[in-house]
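Descriptive analysis of the structure
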Amino acid sequence: MKIWVDADACPVVIKEILFKAAERTQTQLTLVANHFMRTPPSKVINFLRVTAGFDVADDEIVKQVSAGDLVITSDIPLAAEVIEKQALALSPRGELFSEANIRQKLNMRDFMDTMRASGEQTQGPPPLSQSDRQAFANHLDTLLRRHGAK
């Protein structure tokens, strides 16, 4: 299992959890973003910079991800594409996307896009809470154990 991070919008605290987990389990971790991002010196942590543009980082992740890999993203369409490739998708809030829930998530996202396009004011997600961080760390540990990480 490799871990891929849609890093442009990934909260710093989640990246720090990922850095520690990658080092502890010696799992390959690659952050993909369209702007430079500092990573700790490590043989298992990598940074892949892509050109700026709409969905360029997402497209690169989809191109490189393999079945059984884990992608960290809050981007619902990216999660859907990753699931189609038999990889796992986990949000920074600790929600595991799956074949069972991704269609509903896509429908809700499309509905909210339609609402915003019609002029409706919608709120973004609330700030990342301590319970979100804990849910993420717990789900990450479970997935790493299940896939043979140390």
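Scroll up to find the structure this text is about.
Reading the values: rules and limits
- Numbers given to residues run from 1 along each chain, matching the order in which its sequence is written.
- Totals for whole chains, interfaces and linings use every residue, but because this is a predicted model, local features are given only for residues with pLDDT of at least 70 and side-chain atom pairs only at 80 or more, for both listing and counting.
- Only hydrogens and water are removed before side-chain values are computed, so all heavy atoms of the structure are retained for them.
- Axes, fitted as lines to C-alpha atoms, cover a helix only where it is in contact. Angles between the N-to-C directions of the axes lie from 0 to 180 degrees.
- Note on conventions: DSSP H or I runs of at least 4 residues are helices, E runs of at least 2 residues are strands, and numbering of each starts at the N terminus.
- Angles below 35 degrees are treated as roughly parallel, those above 145 as roughly antiparallel, those between 65 and 115 as roughly perpendicular, and all remaining angles as oblique.
- Should the near helix be turned anticlockwise from the far one by less than a right angle, the crossing is left-handed, and should it be turned clockwise, the crossing is right-handed.
- Between two residues, a contact is recorded if the distance between any of their heavy atoms is within 4.5 Å.
- As a working rule, the residues Ala, Val, Leu, Ile, Met, Phe, Trp, Tyr, Cys and Pro are called nonpolar, Asp, Glu, Lys and Arg charged, and the rest polar, with Gly in that last group.
- Helix span is expected to be 1.5 Å times the residue number reduced by one.
- Burial classification: accessible surface area is computed with a 1.4 Å probe over protein chains only, and a residue below 20% of its type maximum counts as buried, one above 50% as exposed, and the rest as partly exposed.

Turning our attention to the packing of helix α1 (residues 12-25) against helix α5 (residues 130-146). The geometry of α1 relative to α5 is characterised by a closest axis approach of 11 Å and an angle of 25° between their N-to-C directions. Classified by the angle between their axes, α1 and α5 sit roughly parallel to one another. Considering how the two elements wind past one another, α1 and α5 form a crossing that is right-handed. On α5, the residues that touch Val13, Ile14, Ile17, Leu18, Ala21, Arg24 and Thr25 of α1 are Arg133, Phe136, Ala137, Leu140, Asp141 and Leu144. Tallied by class, residues from the contact of α1 with α5 come to nine nonpolar, one polar and three charged.

This part is about α1. In this model α1 runs 20 Å from its N-terminal to its C-terminal C-alpha over 14 residues, within 8% of the 20 Å that 1.5 Å per residue would give. Those residues of α1 not exposed but buried are Ile14, Lys15, Leu18, Phe19, Ala21, Ala22 and Thr25. Tucked inside the fold, the buried residues of α1 contact β1 (3-6), β2 (29-33), β3 (45-49), β4 (70-72) and α5. Within two residues after α1, Gln26 carries a phi angle of roughly 55°, on the positive side.

In this section: the environment of Ile17. With respect to the helices and strands, Ile17 occurs in helix α1. Judged by relative accessible area, which is 21%, Ile17 ranks as partly exposed. Spatially, the C-alpha atom of Ile17 lies 12 Å from that of Val5, the residues being twelve residues apart in sequence.

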